[in-house]
Amino acid sequence: MAKTVMDLRRGPKYVLPGSAACPGCGAQIALKWVLKILEGRAIFVIPACCTSVIQGPYPKSAFKFPVYNMAFAAAASTASGMARALRAMGEEDIHVVAWAGDGGTYDIGLQALSGAAERNEDMIYICYDNEAYMNTGIQRSGATPPKAWTKTTPTGKAEMKKNMALIVAAHGVPYVATASIGYPADFLKKLKKAKQMRGFRYIQIFAPCPTGWNFPVDKTVEIAKLAVDTYVWPLFEVEHGKLKITVKPRRRPLKDYVSLQKRFRHLTDADIEELERTFLSRWEALERLEAQGTIFL
Amino acid sequence: MIQRQAERGKWDIITGNHAVAHAARLARVKVVPAYPITPQTTIVEYIADFIERGEMDAEYIRVESEHSAMAAAIGAAAVGARTFTATASQGLLLMHEVLHWAVGSRLPIGMAVVNRAVGPPWSIHVDHQDAISQRDTGWMIQFVSSNQEALDTVLMMYKVAERPDVLLPFMVCLDGFVLSHTFQPVHIPDQADVDAFLPEYRPPHWVMDPDRPITYGNLVMPEREYMEMRWSIHEAMLRAKEAIREVAGEFKRAFGRYHGDLLWEYETEDADILVVATGTLASEAEEAVDLLRSGGKGVGLVKVRSYRPFPGEEIVRLAEGRKAIVVLDRSLSFGQAGPLATDIRAALFTAGVSTPVVGFVTGLGGRDITYEDIAEIVKIAEERVKEGRLRPVEWYKLRR
Ligand SMILES: Cc1ncc(C[n+]2csc(CCOP(=O)(O)OP(=O)(O)O)c2C)c(N)n1
Ligand SMILES: [Mg+2]
C-alpha cells in the first residue's frame, strides 16, 4: 500500500478532472484523499450539498465510484440500509460511506446520524465542514463559527459552533476523528485507521471554501493549516471513548487566520480577541478531556 | 394442484397485522427498517419476534424515525435487497419526501400502511387521508378488505413491483383496527409454495456496486431527460395495471384465491346503481348490496383495490348506462371533494360518459359506517339524482 502523500498522488484517480467544483474547493481535495485510501471499494451516499453539484450533471459524472444521491436529511439512514443489506447478502468488503456537508450533519441530518451512531451501523460517516450551507449560496449552519458573515448572518453569527465531533463521540462509537486537508499525513493516518475498523466511524474534515469564506483560491490549504495552528480546528481522535490530541498547534495568533478571509472582515480587534479566547478555552477543555482517559463509554 | 397448495400451509385465526407480518416473512425480505406507530406497531413487533426466534432471516433496523425507515429501505434496495417496512398516519406523512425518492430511483420497495387519521386532533382510528396524501408520489397504492387479502396482497405486491416493466414501490393499505387488530381466519401458505410464486429479487437495473460504478441521481438540466424520466414513471404505472391483473391470475393459479385485480365486482351485472368504495367500507357495502337487493333494488358494488394505478377505464366501462354511481370516500381534498369521486368524475368526463356521480365523504376519523348506513347513502343518492341536484360533496353522518 502507498506510504506517502506523493505515492498516493500517483495511484489511480477516482475523482476525475472536469468536475464542477469551484477552484480551490477544500471539499474536493478531501474527497480525493478519501477515495485513494479506500481504493474505490466504497459505496457513497451523498445528501444534498455542494458535492451533489461537484460530481457534474447527468449523464456524465466526475466520480469513478458508486454514488447514490439522496435527500438532505437522510445520509446516515440511507447508508444504514445499504450496510445492512450488504451484510444480509454476504458482502463483506465493501465500505459504505456517508459523505455529507456540515448542514447535512450538524443540522438536518443530525437525527439520522445519531440513530445510526447509536446502532453502531457499519459505515464511515465523513462530514466535510465548510462551515455554512454553501450549495444554497452561503447561509449559516450549526457549524458556522461565531461572528462569521453569511447571507443569513449579515452582521456576523451570534451563536457558537456546535461541538459536533464530541457529540458523535458521546454516542460511544468506535472511532471519531477531526482532520484537516492542511495536515494530510494526520488525515491519511486517521482514514487508514477508520478503514481497518468496523462499526460506526466518524471523520469530520475541515474544508475551506474560497467562495463562501471569500479568500483567494490558492489559499485553501494554507487556511486549513492556519485553522489548526490558531486553535480554530483542533485535530484529535476519540478511539473507544478515549480522546487523543493528534497534532500540537504551532501557536499562531488568530488574526493570521481571520485576516485572510473576508467573512471576518467586519471584526474589530476586540472581536478577534474575544474569539481567540473562545477558541483557546475550547482547546483547554479538550486538553482536560484528554487528561481524563476514557471519557465516553 | 390448487387444492394441494391450499391444503399445505396452515390455517390460523389472526389479526390483519399478524397476517401482514407473515407475508413479509414468507416473501423472504432481507431488510426491515422498523418504527412503531399505532395501529401499525404490531406488524414490526411480530417481525422482530420472527427474526429473533430464527423463523425469518432478515436484517432488522430499529431506526429513529419513519423518514429514516424509508431512507434505510431505499439504501437497502439500492444495493439490491428486497425490503419491507410498515407505517401509518403521521409516520407515512413524515416519509413523504423519501417516498418520492423511492419512486424516482425506481426501487420496488414494499410497505404496509395501516390507515389512520392524521392530526390534529389526535385520532388513532381508521381514515384514508394518510395514504391519499401520498397519491401523487408514484407509489402503487392498493387497499384490502380482509386479513387474508392483506397477506395475499403483500405477496403479490413484490411480484408486481419487481417486474422489469414496472419497478415502482408499492404500498398495501389496510384499515386501522378494523383489520389491523381484528381476528379473522387466515390461510398462511407454505414457504415452498411462496418461493415458487415469488422468486428471489434480482434487480434488472443498476445497483450500487464498486465494480460497476455509476452516479445515481445527479443534476439533470432542463433539456436533458428529467421530463422523460417522469414520463417513464407514468408509463410504468400504466403498465402496472396489466401487471396487477396478470399477477392476480398467477396467484389464483398458485394458491386458489382471487380477491379481484384492480377492481373487485359484486352483483354488478344487472345493477342500476353501483356503489364504489375501498377497504372495509367496501366489505360493508357488500352487505348493503344484499340488504338493498332483498328489498328489490338493483344495486351492485365495485371495490377499488388499486387506487394507483387507477382503473379509470375499467370503471367507465362499468358505469356506462347505469342510473347512478355512488362513491364513498374516507378522505377529502378540502374545498374540493372526495378524491375517489373526483378521479371517477374525471374518468367519466374524459370518456364522454354522463352517468351521474354522487360522492359521499364519510367515516372520517373512524366514525362507524355500517351496511345500514350505506343502504341509507344509496337512498340519498337516488334522491339527489332524481332531483338533479348533484354537488361535489355529500357529507354523511356529519353532526351539525
Ligand atoms: C429538505 C431540504 N431542505 C433544503 C434543501 C436545500 N439545500 C440543498 S443543499 C443545502 C445546504 C447544504 O449545506 P451543507 O450540508 O453544509 O453542504 P455544502 O453545500 O456546504 O457543501 C440546502 C439548504 C434541500 N435540498 N432539502
Ligand atoms: Mg457546508
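Residue numbers restart at each chain and count upward from 1, following the sequence in its written direction. The naming scheme follows written order: chains are lettered A onward, ligands numbered 1 onward. With pLDDT at 70 or above as the cut-off, local features in this predicted model cover only qualifying residues; side-chain atom pairs require 80 or more to be listed or tallied, and sums for whole chains, interfaces and linings still use all residues. Values shown for side chains rest on all heavy atoms present in the structure; no hydrogens or waters enter the calculation.

## What about the packing of helix H12 (residues 312-319) of chain B against helix H13 (residues 339-351) of chain B?
Residue and element names in this part refer to chain B. Keep this limit in mind: Between the N-to-C directions of two axes lies an angle of 0 to 180 degrees, each axis being a line fitted to C-alpha atoms and, for a helix, fitted only over the stretch in contact. Secondary structure counts use DSSP, requiring at least four H or I residues in a row for a helix and at least two E residues in a row for a strand, with both numbered from the N terminus. What sets the label is the angle itself: under 35 degrees gives roughly parallel, over 145 gives roughly antiparallel, 65 to 115 gives roughly perpendicular, and the rest give oblique. Throughout, a contact is declared for two residues whenever any of their heavy atoms are within 4.5 Å. Think of it as three bins: nonpolar holds Ala, Val, Leu, Ile, Met, Phe, Trp, Tyr, Cys and Pro, charged holds Asp, Glu, Lys and Arg, and polar takes everything else, Gly as well.
Contact geometry of H12 with H13 gives a least axis separation of 9 Å together with a crossing angle of 70°. Between H12 and H13, the crossing angle belongs to the class labelled roughly perpendicular. Within the contact between the two elements, H12 uses Gly312, Ile315, Val316 and Ala319 and H13 uses Ile344, Ala347, Leu348 and Ala351. Each residue belonging to the contact of H12 with H13 can be placed in one class, and the counts come to seven nonpolar, one polar and no charged.

## Some words on the coordination of the magnesium ion (ligand 2)
Selection criterion: Water is absent from the atoms considered, so a metal site may look incomplete; donors are defined as N, O and S atoms within 2.8 Å of the metal, or 3.2 Å for Na, K and Ca. For each residue, the accessible area found with a 1.4 Å probe, counting protein chains only, is set against the maximum for its type, and the residue is called buried under 20%, exposed over 50%, and partly exposed in between.
Coordination of the magnesium ion (ligand 2) by the protein involves Asp102 of chain A (OD), Asn130 of chain A (OD1) and Ala132 of chain A (O), with metal-donor separations of 1.9 to 2.1 Å. For Asp102 of chain A, a relative accessible area of 0% translates into the label buried.

## Regarding unusual backbone geometry
Residues and elements named next belong to chain B. Omega for the bond connecting Thr38 with Pro39 falls within 30 degrees of zero, at 0°, which places this linkage in the cis form. The residue Pro39 is located in the loop between strand E2 (31-34) and helix H3 (41-52) in this model. The omega torsion of the bond from Pro120 to Pro121 falls at -5°, within 30 degrees of zero and hence cis. Counting through the fold element by element, Pro121 comes out in the loop between strand E5 (110-115) and helix H7 (129-132). With a phi angle near 45°, Ser89 is a residue other than glycine that sits in the positive phi range. Its location among the elements puts Ser89 in helix H5 (residues 89-94). Judged by relative accessible area, which is 0%, Ser89 ranks as buried. Residue Arg106 is not a glycine yet carries a positive backbone phi of 55°. Secondary-structure assignment places Arg106 in the loop between helix H6 (96-104) and E5. Exposure remark for Arg106: the relative accessible area of 15% places this residue in the buried category.

## Thoughts on the site of ligand 1
Filter applied, for reference: Any residue with a non-hydrogen atom lying within 4 Å of a molecule or strand is treated as near it. Counted as a polar contact is a pair of N or O atoms within 3.5 Å, where, for protein atoms, one must be capable of donating a hydrogen and the other of accepting one, and residues adjacent in sequence contribute only when both atoms are in side chains. For the area figures, the Shrake-Rupley method with a 1.4 Å probe applies, and any residue is considered shielded solely by the protein chains shown.
The environment of ligand 1 is made up of 17 residues, and the closest members are Cys50, Gly103, Gly104, Tyr128 and Asn135 of chain A. Proximal residues around ligand 1 fall on chains A and B, making this an inter-chain site. Between an oxygen atom of ligand 1 and a side-chain N or O atom of Tyr128 of chain A, the distance comes to 2.5 Å. At 2.7 Å, a backbone N or O of Asn135 of chain A approaches an oxygen atom of ligand 1. Protein chains shield 76% of the accessible area of ligand 1, which is 590 Å² for the free molecule. Split by residue class, the shell around ligand 1 holds nine nonpolar, six polar and two charged.

## Describing the sheet that holds strand E14 (residues 324-329) of chain B
Residue and element names in this part refer to chain B. Defined as follows: The rule for pairing is simple: two strands pair if DSSP sees at least two bridges between them.
Spatially, six strands are ordered E10-E12-E11-E14-E15-E16 in an open sheet, and the strand pairing comes out mixed. Of all strands in the sheet, those bounded by a partner on one side alone are strand E10 (263-266) and strand E16 (394-395). As paired elements, strand E11 (residues 273-277) and strand E12 (residues 299-304) share five bridges and run parallel to each other. Within E12, the residue paired with Ile273 across the bridge is Val299. Where helix H11 (residues 279-294) meets the sheet, it contacts E10, E11, E12 and E14, and its direction lies at approximately 170° from that of E12.

## Here we look at the interface of chain A and chain B
Our working definition: Summed over both partners, buried area is the accessible surface (1.4 Å probe) that two parts give up on being assembled. Within this document, salt bridges are pairs made up of a side-chain nitrogen of Lys or Arg and a carboxyl oxygen of Asp or Glu, the two lying within 4 Å of each other.
Counting from both sides, the interface comprises 41 residues of chain A and, opposite them, 42 residues of chain B. Roughly 3,100 Å² is buried in total at the junction of chain A and chain B, and carbon and sulfur atoms are behind 64% of that figure. Its largest share of buried area at the contact with chain B, chain A owes to Tyr58, Tyr68 and Arg84 of chain A, together 21% of the area lost on that side. At the surface where chain A touches chain B, the tally comes to four salt bridges. Between Glu59 of chain B and Arg84 of chain A there is a salt bridge, with the nearest N and O atoms lying 3.1 Å from each other. Mapped by element, the contributors of at least two residues to the side of chain A that touches chain B are strand E1 (42-47), strand E2 (67-70), helix H4 (75-88) and helix H6 (110-118) of chain A.

## Considering the sheet that holds strand E6 (residues 200-206) of chain A
Judged by pairing direction, the sheet is mixed, and its nine strands sit side by side in the order E8(A)-E7(A)-E5(A)-E6(A)-E4(A)-E3(A)-E1(A)-E2(A)-E9(B) without closing on themselves. Edge strands, defined here as strands with exactly one partner in the open sheet, are strand E8 (242-245) of chain A together with strand E9 (215-216) of chain B. Of the strand pairs in this sheet, strand E7 (residues 236-239) of chain A and E8 of chain A are connected by four bridges, and their pairing is antiparallel. In the strand pairing of E8 of chain A, Val238 of chain A is matched with Leu243 of chain A. Running over the sheet, H6 of chain A touches strand E4 (123-129) and E6 of chain A and is turned about 140° from E6 of chain A. Here helix H12 (residues 269-291) of chain A sits on the sheet and contacts E7 and E8 of chain A; the angle it forms with E8 of chain A, its principal contact strand, is near 125°.

## Things to note about the nonpolar core
Rule in force here: Residues belong to a common nonpolar core when they are buried Ala, Val, Leu, Ile, Met, Phe, Trp, Tyr or Cys residues joined through side-chain atoms within 4.5 Å. Boundary definitions for the domains trace back to an automatic or database domain assignment.
Core analysis: the largest hydrophobic core is formed by 224 residues, its most contacted members being Phe44 and Tyr257 of chain A together with Phe84 of chain B. Counting residues per element, this core draws most heavily on helix H10 (residues 226-255) of chain B, at eleven residues. The two domains that each donate at least three residues to this core are domain 1 (2-255) and domain 2 (264-395) of chain B. Residues Ala277, Leu281, Ile377 and Ile380 of chain B belong to the second largest nonpolar core, which totals 24 residues.

## Quick word on H6 of chain A
Every buried residue belonging to H6 of chain A is among Ala112, Leu113, Gly115, Ala116 and Ala117 of chain A, and all of these are buried. Tucked into the core, H6 of chain A has its buried residues touching H4, helix H5 (103-107), E4, helix H7 (164-169) and E6 of chain A together with helix H4 (66-78) of chain B.

## So, the pattern of salt bridges
Opposite charge on two side chains permits them to pair, given that their charged atoms come into close proximity. In this structure the tally under the stated criterion is 53 salt bridges over all chains. For the salt bridge of Lys303 of chain B with Glu149 of chain B, the shortest nitrogen-to-oxygen distance reads 3.3 Å. Within this pair, whereas Lys303 of chain B is found in strand E12, its partner Glu149 of chain B is found in helix H8 (residues 147-161), the two being separated by 154 residues in sequence. Relative accessible area serves as the criterion here: at 1%, Glu149 of chain B is assigned to the buried category. Between Arg163 of chain B and Asp165 of chain B there is a salt bridge; the shortest N-O distance is 2.9 Å. Taking relative accessible area as the criterion, Asp165 of chain B reaches 27% and is therefore assigned partly exposed. Through salt bridges with shared partners, a single ionic network connects Arg84, Arg87, Arg119 and Glu121 of chain A together with Glu59 and Glu64 of chain B.

## What about the packing of aromatic side chains?
The relative placement of two aromatic rings is captured by the distance of their centres and the angle of their planes. Note the threshold: Aromatic pairing here means that ring centres of Phe, Tyr or Trp (its six-membered ring) are within 6.5 Å. Orientation follows from the plane angle: under 30 degrees is stacked, over 60 is edge-to-face, and everything else is tilted. A ring has a charge above it when a Lys NZ or an Arg CZ is no more than 6 Å from the ring centre and no more than 35 degrees off the ring normal.
Per the counting criterion, the structure on display carries 19 aromatic pairs over all chains. Ring-pair connections join several aromatic residues into one group, and the members of that group are Phe206, Trp213, Phe215 and Trp233 of chain A. The positively charged end of Arg263 of chain A is found above the aromatic ring belonging to Trp213 of chain A, 3.8 Å away from the centroid. Sitting over the face of the ring of Phe197 of chain B, Lys159 of chain B holds its NZ or CZ atom 4.7 Å from the ring centroid.

## Examining the domain arrangement of chain B
Residues and elements named next belong to chain B. Domain boundaries in chain B define domain 1 (2-255) and domain 2 (264-395). Summarising the inter-unit geometry, the C-alpha centres of domain 1 and domain 2 are found 28 Å apart. Each partner contributes residues to the interface: domain 1 has 27 residues there, and domain 2 has 26 residues. Taking both partners together, domain 1 and domain 2 bury about 2,100 Å²; carbon and sulfur atoms supply 52% of that area. Considering only the surface of domain 1 that becomes buried against domain 2, Arg135, Ser145 and Lys241 emerge as the three largest contributors, covering 25% of it. Counting every contact that joins domain 1 to domain 2 gives five salt bridges. If you look at where domain 1 meets domain 2, you find 16 residue pairs in polar contact (both at pLDDT 80 or more).

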